[in-house]
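Examination of the molecular architecture
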Amino acid sequence: MTDWLNNDFGNIVAEHNSIWKMKNGSVGKAYGILSPTEEAVLVKEQFGVK
């Protein structure tokens, strides 16, 4: 978590999956980080915004 306070999100996938497991997740496991372009497409598709 200290990394995040320093804007270092290089471990985001592992952190996401740790929380996901603690919450007994069954959908939404992370496998990688989206590029800015991929993220913009996802946001537009899911939320209808840019």
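Residues numbered from 1 in each chain as written. Predicted model: local features only at pLDDT ≥ 70, side-chain atom pairs only at ≥ 80, totals over all residues. Heavy atoms only, no water.

Its place among the elements puts asparagine 17 in helix α2 (residues 12–22). Residue asparagine 17 is classed as buried on the basis of its relative accessible area of 10%. Beyond its immediate chain neighbours, meaning those up to four positions away, asparagine 17 contacts Lys29 and Ala30. (Helix = DSSP H or I, 4+ residues; strand = E, 2+ residues; numbered from the N terminus. Buried < 20%, exposed > 50% of the residue type's maximum accessible area, 1.4 Å probe, protein only. Contact = heavy atoms within 4.5 Å.)

Turning our eyes to something else, we now look at the environment of glutamate 38. Examined against the element boundaries, glutamate 38 turns out to sit in helix α3 (residues 36–47). Of the residues examined, glutamate 38 reaches a relative accessible area of 44% and is grouped as partly exposed. Here serine 35 takes part through its backbone nitrogen, which lies 2.7 Å from a polar atom of the side chain of glutamate 38. (Polar contact = N/O pair within 3.5 Å; in protein donor to acceptor, adjacent residues only side chain to side chain.)

Attention now goes to the layout of surface pockets. In this model, the largest pocket occupies a volume close to 180 Å³. In this structure, the largest pocket is lined by Ile12, Gly32, Ile33, Leu34, Glu39 and Leu42. Partitioned by chemical class, the residues of the lining of the largest pocket number four nonpolar, one polar and one charged. (1 Å grid on protein atoms, 1.4 Å probe; cavity = no way out; pocket = protein on both sides within 12 Å on 5 of 7 lines; lining within 4 Å. Points joined across faces, edges and corners; volume = space filled by probe spheres on them. Nonpolar A, V, L, I, M, F, W, Y, C, P; charged D, E, K, R; others polar.)

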